[in-house]
Amino acid sequence: MRPLLSIALVLSALIGPIITLPNGAPESVCNTMLPFHGGGIPPLTTASPFRITPVTSVVGSGQQLQVEIESFPANVVFKGFMIQARNRFPPNEVLGQFELTDESAIKLINCGGESNTATHTNTQLKKDLALEWIAPANFKGEVVFNATIAQDYDKFWVGLVSTPVKVVESGQGPTSVVGISTTRQPPTTTTVPPYVPRATAASDSSDPIYQGCGDTKGCFGFPEGCVESRNCRAVVATIVQGERYIFEMKSGYNRPAYIAVGLSNDAKMGDDSVVECVPEQGTVNAYASWTFAGPYGVSRQGIAQNFIRLLEKSYVDGVIHCKVERDAVTTVKGQKFDLINEKYHLLLATGLKADSTHVSYHDIGRHVSGVPLALAEVGPVQGMSKLLLRLHGALMLTAWIGTASLGILLARYFRQTWVGSQLCGKDQWFAWHRFLMVLTWCLTVAGFVIIFVEIGGWSQVDNPHAILGVVTTVLCFLQPIGAYFRPHPGTKRRPLFNWLHWLGGNLAHIIAIVAIFFAVKLQKAELPEWLDFILVAFVAFHVFMHLIFSIFSWIQIGGCASERRNNQRVTSMQMADMTPSRNSMSSMDRKQDAAFSGFRKVMLFFYILIIVAFVVALVVITVLAPIEDAVESIKKQIMN
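Computed from a predicted model, the values in this text were never measured in an experiment. Throughout, a residue's number is its position along its own chain's written sequence, starting from 1. In keeping with the model being predicted, local features are shown solely for residues with a pLDDT of at least 70 and side-chain atom pairs are shown and tallied solely at 80 or more, while totals for entire chains, interfaces and linings include all residues. Here the side-chain values reflect all heavy atoms present in the structure, with hydrogen atoms and water set aside.

As for the pairing of strand S13 (residues 218-222)
Phase 1: Among the five residues in S13, five count as buried, and that is most of the element.
Phase 2: Buried residues are those whose accessible area, probed at 1.4 Å on protein chains only, stays under 20% of the maximum for their type, while exposed residues exceed 50% and partly exposed ones sit between those limits. Only DSSP runs of H or I with at least four residues qualify as helices, and only runs of E with at least two residues qualify as strands; both kinds are numbered from the N terminus onward. Neither face of S13 is open: one carries Gly 218, Phe 220 and Phe 222, the other Cys 219 and Gly 221, and all of them are buried.
Phase 3: Bridge count for S13 against strand S14 (residues 234-241) is five bridges, and the pairing is antiparallel. Looking at S14, one finds that Gly 221 is bridged to Val 235. When DSSP locates at least two bridges between a pair of strands, those strands are taken to pair.

Laid out in structure tokens, this is it:
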């Protein structure tokens, strides 16, 4: 029996340290917080579905604070846990004590202090557990809650850290720290006001996120110049403390909106490391993600989450505010990001849609820093120039609202106006038509080349504007080539050319106008939605003028035909068809202007005035986009 007893004692000694502890963590792991799981199973380093969430970010000394263990996505369960509050700064001692609120699920142990650590009492499934912690009476400073969460025997995470909680003198908390709300907000409900896409987000001029911009931290936001006016829709501040790199971000509308900042080598989306702050179930969570090019996209899948830490967060009235610390040197997707020695473009984006794996298209806004930045260098951060983008819009608007509209009108209705007067050896209508259409061709080709240079390739935006623009450019490009090879008047192929030339020109004009309507929906264009009304007014005016000219043309043609039928006389004012598809004229037609020429000249002058007004208005709105911010800036300058 004695040998058997000895063997049993040896086995128990070997097995003891590696069996699970269903009754909670022992005091022997107060420092490591590492579970006694068999086989040397290491903790997981992937992103944890669990978060440690203090309900406030400030608490008075000696006061009670609720701390929650939450899961994202919801309803993820766990079996065991260990949690304690530690001083945020060395020596990182365990502070405060927990209250025993549920003896069936929670027990308290002593880790250098009485009841200062909470753990489980059994391995039954748990979710969304709430604990009560009491701040130490003789301590003022910042604490963080450290936790180990075991989802299963071989699936656990060690070192989960909450956002910091500031312990202040009793009677002062809860309060606010650096402008961040300390009261945890309930989940967003359906009573949210309607979304206003052009509203300003971080618009409080006293907002602490702007304090120190250009002096102690670099700040970057949009629209351009908003940091100086402290009126950004979205803003990121880069804070460097030794080898600590902190990104403070703020964005907010009256609907939940994420905000993200990416580090890019080329100022274009694709192969960039991104840090996201995403509103989820009434709180804010931070994630690391990666952007892909061709087609563009963002994903967290396969991206380690252990090189970022959410330090502070708030989500109040649709405004999201977070501070995320990132490791100085990381390797993501095989690419090294060295914030100490390398420079990067900042990609700032915000949008409405996000799910458990990625954020969606930045439908609220996006901005890119103009030059690569060394994050440790403090100074003004300018956005990438939008000159080429604005120039593209101005050229296309001038071409298809202005010169093309006028050129088509002249060719259709003014073939027998200014008869006998020529320009460069050609009839007035033809000389001006050719000049205006060549100008349209030059403006269109220039705008097409400029936008390809700006984007660096084909647009990945889910909007028909790019396709319609390409079709318009192709048709426009072919028009002068066809005109150069047109058959001589009187040949049997000349009518076919006339119809094809007419069809190509009008089709390009119509498609171009439709493309401009779709351009208003492009987030990058930053055009106001009410611009659609101006475009509708232009279309209505253009159609109305065509209708007026057509009515008088048919009246004239009908009158001449009646006279011929009655054989009363042959008028010297007999008029050829005003349409470009039929351009035969008798020698008498060319001696003097056709009937109603004076009326047509007056209407043409009126048409030119209105078209110029449309072009000027549209170009100004496009070049100064977002026009609301430009107007507001002008008002402030006038008031000052």
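Some details on the nonpolar core
Phase 1: Only buried residues count toward a nonpolar core. Its members are Ala, Val, Leu, Ile, Met, Phe, Trp, Tyr and Cys residues joined through side-chain atoms within 4.5 Å. Counting 47 residues, the largest nonpolar core has Trp 400 and Ile 401 as the members making the most contacts within it.
Phase 2: Contributions of two or more residues to this core are made by helix H3 (387-413), helix H4 (428-455), helix H6 (494-519), helix H7 (531-566) and helix H8 (597-623).
Phase 3: Considering every element that reaches this core, the biggest residue donor is H3, with 13 residues.
Phase 4: In this structure, Phe 220, Leu 263, Tyr 315 and Leu 339 belong to the second largest nonpolar core, which totals 34 residues.

A few points about the state of the cysteines
Phase 1: Cysteine sulfur pairs qualify as disulfides if the two atoms are within 2.5 Å. Taken as a whole and judged by the stated rule, the model has four disulfides.
Phase 2: One disulfide bridge connects Cys 226 with Cys 232, the sulfur atoms lying 2.0 Å from each other. Taking the sign of the S-S torsion, 90° for the link of Cys 226 and Cys 232, the bridge is right-handed. The burial state of Cys 226 is the same as that of Cys 232; both residues are buried.
Phase 3: Here Cys 277 is linked by a disulfide to Cys 322, with a sulfur-sulfur distance of 1.9 Å. For the disulfide bridge between Cys 277 and Cys 322, the dihedral angle about the S-S bond is near 100°, and by the sign convention the bridge is right-handed. Separated by 45 residues along the polypeptide, Cys 277 in strand S17 (residues 273-280) and Cys 322 in strand S21 (residues 319-326) bring together distant segments of the chain.

As for the sheet that holds strand S1 (residues 50-54)
Phase 1: Strand order in the open sheet formed by four strands is S1-S3-S9-S6, with antiparallel pairing between adjacent strands. Two strands bound the open sheet, and with one partner strand each, they are S1 and strand S6 (97-99). Strand after strand, the sheet turns through a mean of 30° between neighbouring axes, direction not considered.
Phase 2: When strand S3 (residues 64-71) meets strand S9 (residues 129-134), the two strands line up antiparallel, connected through six bridges. Residue pairing in the sheet places Gln 64 in a bridge with Ile 134 of S9. Note on definitions: angles span 0 to 180 degrees between N-to-C directions of axes, and those axes are lines fitted to C-alpha atoms, for helices only across the stretch in contact.

Focus on the sheet that holds S17
Phase 1: Strand order in the open sheet formed by six strands is S19-S18-S17-S16-S24-S25, and the pairing between neighbours is antiparallel. Across the chains shown, the open sheet's two edge strands, defined by having one partner strand only, are strand S19 (297-299) and strand S25 (365-368). Across the sheet, the mean angle from the axis of one strand to that of its neighbour is 25°, orientation sign disregarded.
Phase 2: Note that strand S16 (residues 258-264) and S17 share five bridges and pair antiparallel. Paired with Val 261 across the strands is Val 275, a residue of S17.

Digging into the confidence of the model for the protein chain
Phase 1: Here the protein chain shows a mean pLDDT of 79. Residues at 70 or above account for 79%.
Phase 2: Of all secondary-structure elements in the protein chain, the lowest mean pLDDT belongs to helix H1 (residues 2-15), at 38, while strand S5 (residues 94-95) reaches the highest, 94.
Phase 3: This stretch, residues 172-205, has a pLDDT under 50; its non-local contacts, to residues over four places away or in other chains, come to 88 contacts. Known as pLDDT, the predictor's confidence for each residue is given on a scale from 0 to 100. In this description, contact between two residues means that some pair of their heavy atoms is separated by no more than 4.5 Å.

Overview of the packing of aromatic side chains
Phase 1: A pair of aromatic rings is counted whenever rings of Phe, Tyr or Trp (Trp by its six-membered ring) have centres within 6.5 Å, and the orientation is called stacked for planes under 30 degrees apart, edge-to-face for over 60 and tilted otherwise. By the definition in use, this model includes 21 aromatic pairs.
Phase 2: Note on Phe 448 and Phe 452: the rings are 5.0 Å apart at their centroids and 45° apart in plane angle, and the pair reads as tilted. Of this pair, Phe 448 and Phe 452 both sit in helix H4, separated by four residues, roughly a single helical turn.
Phase 3: On the accessibility criterion, Phe 448 (25% relative accessible area) is partly exposed.
Phase 4: Here Phe 452 falls in the partly exposed class, since its relative accessible area comes to 32%.
Phase 5: Among the aromatic side chains, those forming a connected cluster through ring pairs are Phe 538, Phe 541, Phe 606, Tyr 607 and Phe 614.

Overview of the pattern of salt bridges
Phase 1: A pair is scored as a salt bridge if a Lys or Arg side-chain nitrogen falls within 4 Å of a carboxyl oxygen belonging to Asp or Glu. Within the structure shown, the criterion is met by eight salt bridges.
Phase 2: Its salt-bridge partner being Arg 309, residue Glu 325 comes within 3.7 Å of it at the nearest N-O pair. With Glu 325 in strand S21 and Arg 309 in strand S20 (residues 308-316), the pair connects residues that are 16 residues apart, well separated along the chain.
Phase 3: According to the relative accessible area criterion, Arg 309 is partly exposed, its value standing at 29%.
Phase 4: One salt bridge connects Asp 532 with Lys 521, and the closest N-O pair in it is separated by 3.2 Å. Here Asp 532, found in helix H7, pairs with Lys 521, found in the loop between H6 and H7; they are eleven residues apart in sequence, far enough to count as distant.
Phase 5: Looking at Asp 532, the relative accessible area reads 17%, which means it is buried.
Phase 6: A cluster of three or more residues bridged by salt bridges with shared partners is formed by Arg 244, Arg 309, Glu 325 and Asp 327.

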